[in-house]
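Working through the structure, step by step
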Amino acid sequence: AVLSKFRDFLNQKLFRWETLRDKDVFRQKVLEQVSLLGKSGYGAWGYPEAYGGKDDMLGYAGIFEHLMYVDGSLAVKFGVQYGLFGGSVQKLGTKKHHDQYLKASGEASLLGCFAMTETGHGSNVRGIKTTATYHPETDSFIIHTPGENDNKEYIGNAMHAKMASVFAQLIVNGKNEGVHALLVPIRNEAHEVLPGITVADNGYKLGLNGVDNGKIWFNQVSVPRENLLDKYGSVSEAGVYSSPIKNPNKRFFTMLGTLVGGRICVAQGALAGAKVALTIAVRHSLQRRQFNDSIKIQEDLIMDYPSHQVRLTPAVASAYVYHATLKKLMADYSQNTSDDMRQIETQVAGLKSMITWFSNATIQECREACGGKGYLSENRLGDLKGDVDIFTTFEGDNTVLLQLAAKGVLSDFKAEFNSSGFASVLKLLRSQLSDKLNTINPMYVNNVDADHLYNPKFHKHAFDYRTRRLTYTLAMRIRDYIKIGIPAYQAFLKVQTHLIVLGKAYSIELAYSIFMEFCDTVKEPEYKALFTKLGCLFALHHINDDARWFLEQGYIGSTKSKVIRQRVERLCTELRPHIGVLVDGFGIPDHCMTAPIAR
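In short, a report on the structure. (Residues numbered from 1 in each chain as written. Predicted model: local features only at pLDDT ≥ 70, side-chain atom pairs only at ≥ 80, totals over all residues. Heavy atoms only, no water.)

If you tally the helices and strands in the chain, you get 21 helices and 11 strands. Against the 2.2 N^0.38 benchmark of 25 Å for 599 residues, the chain shows a C-alpha radius of gyration of 25 Å, consistent with a compact globule. With respect to the principal axes defined by its C-alpha atoms, the chain has extents near 85 × 65 × 45 Å. Per-residue burial for the chain yields a buried fraction of 56% across its 599 residues. A separation threshold of at least 6 residues defines the contact pool for the chain, and within that pool the share at least 24 residues apart is 74%. For the chain, the computed accessible surface area is about 25,300 Å², with 52% contributed by carbon and sulfur atoms. Distance from the positive charge centre (69 side chains) to the negative charge centre (61 side chains) of the chain: 4 Å. (Helix = DSSP H or I, 4+ residues; strand = E, 2+ residues; numbered from the N terminus. Rg over C-alpha atoms; globule rule 2.2 N^0.38 Å. Buried < 20%, exposed > 50% of the residue type's maximum accessible area, 1.4 Å probe, protein only. Contact = heavy atoms within 4.5 Å. Areas by Shrake-Rupley, 256 points an atom, 1.4 Å probe, with all protein chains shown as cover. Lys, Arg positive; Asp, Glu negative; His and termini not counted. Charge placed at Lys NZ, Arg CZ, Asp CG, Glu CD.)

Shown next as structure tokens:
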């Protein structure tokens, strides 16, 4: 009901998609859109009811997804204002901050930005150089950018915001207490940049040119002590630092873990871009005709060609699998009351990577599948490519996130790795994994029976086996390095590519497992059968995609590998009668499907 009403709300002139190439004009339109969303109550949707919200993160994620159907720049600026800036106040601040800033943030009467990333330090949040030094004589923090490349970089809303959530190394009584966030005013009511602050426009980008990204430097900027977002670390009137989480590592990860909702929304936004592209490409292929063996007969629909089915149908199946997965992750995140979000953070890190890569590859495939028509701006695929491209980088670079996911799998989501603590982890892994990695039965390796290949038990076993073997062999490699005296950090560098492969394997297994759990909840037999077939295609497509690994491990034989590839093609053909209904099932409003070839 919420999204149905919101879809109607988006059906107004201000939200009509159009090609805008002047960034200043584009930014102004997006600012008006974001402001209207705030005034209409949609920005605060995930906030507590006391501050104008609905306390509904699932609804917020659905709103964010629908904004991607309208325009990528709108979705991203919306996410920065209400999810990152407002979200940092909500998740890292306490009641005094909520009372003063949260309602204003949700209504867009206070525009803010989220200043975490730095030019010289990228994904290394723990290594940022901006400092916030407490001065007891003035009871304030001095925010400072120490070096030329220590500025905040790529900050969305930087040109429109009046305030920033600035992440900095907190220095109290000469001691560095680690990264904390503080609210720093950057402009006055006349929209003039305040003294000590320098803001520079990032200029034109590959996409998202409706978002005002900029760089920010701070030169000895003073803010009151109360501006420290102090849920996980506070400074008393006496100038003493304290935290409810004593371990600095756990404190750091807990703080970042509270912002995981934004990472889920990034994955959902990228997936929405892929859904739009797939809807355009499939609808085009159900109208476009080309070739036949007779000039007297009507040409064939391109969707009837097996080659076209294979290039689009697995992506449609993946979109359904990932949609169900993200919905489950957002529900888990919303309902989690624990301060330790490590398991959810691990899951989101891996899936954000896989889904944003999937979305980029899918949009490119859709562009090619639409031929020359796909290259026209009016059909949106070009802008979708430019907009979704950066989703692989922001809210965590994918390659870095996959390593984070793999470390979470290795440590069973519980601990940071270090040389001294690694022995107990190895013991746990050995007991959990070694007994499951015995030689596979030759009958299993060569079984090409359709009932076996289509059976979810086979898919789950294949994905589970891959994750477990990669985990076990990775742990053994790290152990061998540590045994000869190599520090844990260096050992991890040596197995970096192995970590990435494990992160991918774990994420695919997780997505398939969640989707099959979803299929079990479907009551209508015909829908259940269709969704189960989509899950089967997803699984066989990924096993086929990684056939080299399964062959190297002796998990499947060459004949079975060949038959799996054939089954993928057959499933695509079997799903051909349903392909139009499946893209309709994405639920993209007609008024958002402005591409002429999709109408």
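Quick look at the packing of helix α8 (residues 306–335) against helix α20 (residues 558–574) now. Relative to each other, α8 and α20 sit at 85 degrees, their axes nearing to 9 Å. If you check the angle between α8 and α20, you find them roughly perpendicular. Note on element contacts: α20 touches α8 through E569, C572 and T573, opposite Q309, V310, T313 and P314. Taken together, the residues of the contact of α8 with α20 sort by class into three nonpolar, three polar and one charged. (Axes fitted to C-alpha atoms, helices over the stretch in contact; angles between N-to-C directions. Parallel < 35°, antiparallel > 145°, perpendicular 65-115°, else oblique. Nonpolar A, V, L, I, M, F, W, Y, C, P; charged D, E, K, R; others polar.)

Looking now at the packing of helix α7 (residues 260–285) against α8. Between α7 and α8, the least distance of the axes is 10 Å, while the angle of their chain directions is 155 degrees. Here α8 runs roughly antiparallel to α7, going by the angle between their axes. Considering only the axes of α7 and α8, their crossing is left-handed. Of the residues in α8, those in contact with V260, G261, I264, C265, A267, Q268, L271, K275, L278, A281, V282 and S285 of α7 are H308, L312, A315, V316, A319, Y322, H323, L326, L329, M330 and Y333. The class makeup of the residues in the contact of α7 with α8 is 17 nonpolar, five polar and one charged. (Left-handed = near helix turned anticlockwise from the far one by under 90°.)

This part is about the pairing of strand β8 (residues 214–218). Where burial is concerned, the two faces of β8 differ: the one with G214, I216 and F218 is buried and the one with K215 and W217 is not. Sheet analysis places strand β4 (residues 152–155) next to β8, joined by two bridges and oriented antiparallel. When the bridges of β8 are listed, I155 appears paired with G214. Sheet topology note: the strand β7 (residues 197–201)/β8 ladder contains five bridges and is antiparallel. Within β8, the residue paired with D201 across the bridge is G214. (Pairing = 2+ DSSP bridges.)

Now for the sheet that holds β7. A sheet is described by the order of its strands in space; here three strands give the open sequence β4-β8-β7, paired in antiparallel fashion. The sheet terminates laterally at β4 and β7, the two strands that pair on one side only. Across the sheet, the mean angle separating the axes of adjacent strands is 20 degrees when strand polarity is ignored.

Side-chain pairs of opposite charge can arise whenever the charged atoms involved come near each other. Counted by the stated rule, this structure contains 22 salt bridges. In this structure, D201 and R27 form a salt bridge, with 2.8 Å as the shortest nitrogen-oxygen distance. Linking D201 in strand β7 with R27 in helix α2 (residues 23–39), this pair joins segments that are 174 residues apart in sequence. A salt bridge links D99 to K95; the nearest nitrogen and oxygen atoms lie 2.7 Å apart. In this pair, D99 and K95 both sit in helix α5 (residues 95–107), four residues apart, roughly one turn of the helix. (Salt bridge = Lys/Arg side-chain N within 4 Å of Asp/Glu carboxyl O.)

What follows is about the packing of aromatic side chains. Evaluation of the coordinates by the stated rule reveals 24 aromatic pairs. Considering the side-chain rings of Y42 and W45, the 5.5 Å spacing of their centres and the 15 degrees angle between planes classify their relative orientation as stacked. For the pair Y42 and W45, a shared accessibility class is recorded, and that class is buried. Consider the rings of F463 and Y512, whose centres lie 5.6 Å apart with planes at 65 degrees: the pair is edge-to-face. Of the two residues, F463 sits in helix α15 (residues 456–483) while Y512 sits in helix α17 (residues 496–521), which places them 49 residues apart along the sequence. Take Y512: its relative accessible area is 1%, and that puts it in the buried class. Within the aromatic cluster, the residues linked to one another by ring pairs are Y444, F458, Y465, W549, F550 and Y555. One residue, K23, lies across the ring of Y204, its end atom 5.4 Å from the ring centre. (Phe/Tyr/Trp six-rings, centres within 6.5 Å; stacked < 30°, edge-to-face > 60°. Lys NZ or Arg CZ within 6 Å of the ring centre and 35° of its normal.)

Looking at the element boundaries, S318 is found in helix α8. Once you skip the residues sitting within four places of it in the chain, S318 turns out to touch F358 and F538.

Attention now moves to the nonpolar core. L37, L67, F78, F167, I280, V316 and Y322 are the most contacted members of the largest nonpolar core, which has 168 residues in total. Per element, the largest residue contribution to this core is 15 residues, and it comes from α7. In this view, L67 contacts F6, L10, L37, L74, A75 and F78; residues no more than four positions away in its chain are not counted. (Core = buried A, V, L, I, M, F, W, Y, C linked by side-chain atoms within 4.5 Å.)

A word on the environment of F358. Inspection of the secondary structure puts F358 in helix α9 (residues 342–369). Separated by 153 residues in the primary sequence, F358 and K205 place their C-alpha atoms 21 Å from one another. Excluding anything up to four places from it in sequence, F358 contacts L271, A274, A315, S318, A319 and Y322.

Here we come to α2. In a regular helix each residue adds 1.5 Å, so 17 residues correspond to 24 Å; α2 covers 24 Å between its end C-alpha atoms and thus fits that length. Burial in α2 covers these residues: K23, F26, R27, K29, V30, L31, Q33, V34, S35, L37 and G38. Next to the buried residues of α2 lie α1 (2–9), α3 (57–70), α4 (72–92), α5 and β7. Looking at where α2 begins, the residue whose side-chain oxygen comes 2.9 Å from the main-chain nitrogen of D24 is D22. Backbone geometry just downstream of α2 places G41 in the positive-phi region, at approximately 95 degrees. (Expected span 1.5 Å × (residues − 1). Polar contact = N/O pair within 3.5 Å; in protein donor to acceptor, adjacent residues only side chain to side chain.)

Okay, helix α11 (residues 398–410) next. Its 13 residues place the ends of α11 18 Å apart at the C-alpha level, agreeing with the 18 Å of an ideal helix rising 1.5 Å per residue. Within the span of α11, buried status applies to N398, L401, L402, Q403, A405, A406, G408, V409 and L410.

Tracing the backbone through its elements, the reader meets W357 in helix α9. The class for W357 is partly exposed, based on a relative accessible area of 32%. The sequence separation of W357 and Q343 amounts to 14 residues, and the corresponding C-alpha distance is 22 Å. In this structure, W357 is in contact with T392, N398, T399, L402 and K504, ignoring residues within four places of it in sequence.

These figures come from the coordinates and say nothing about function on their own.
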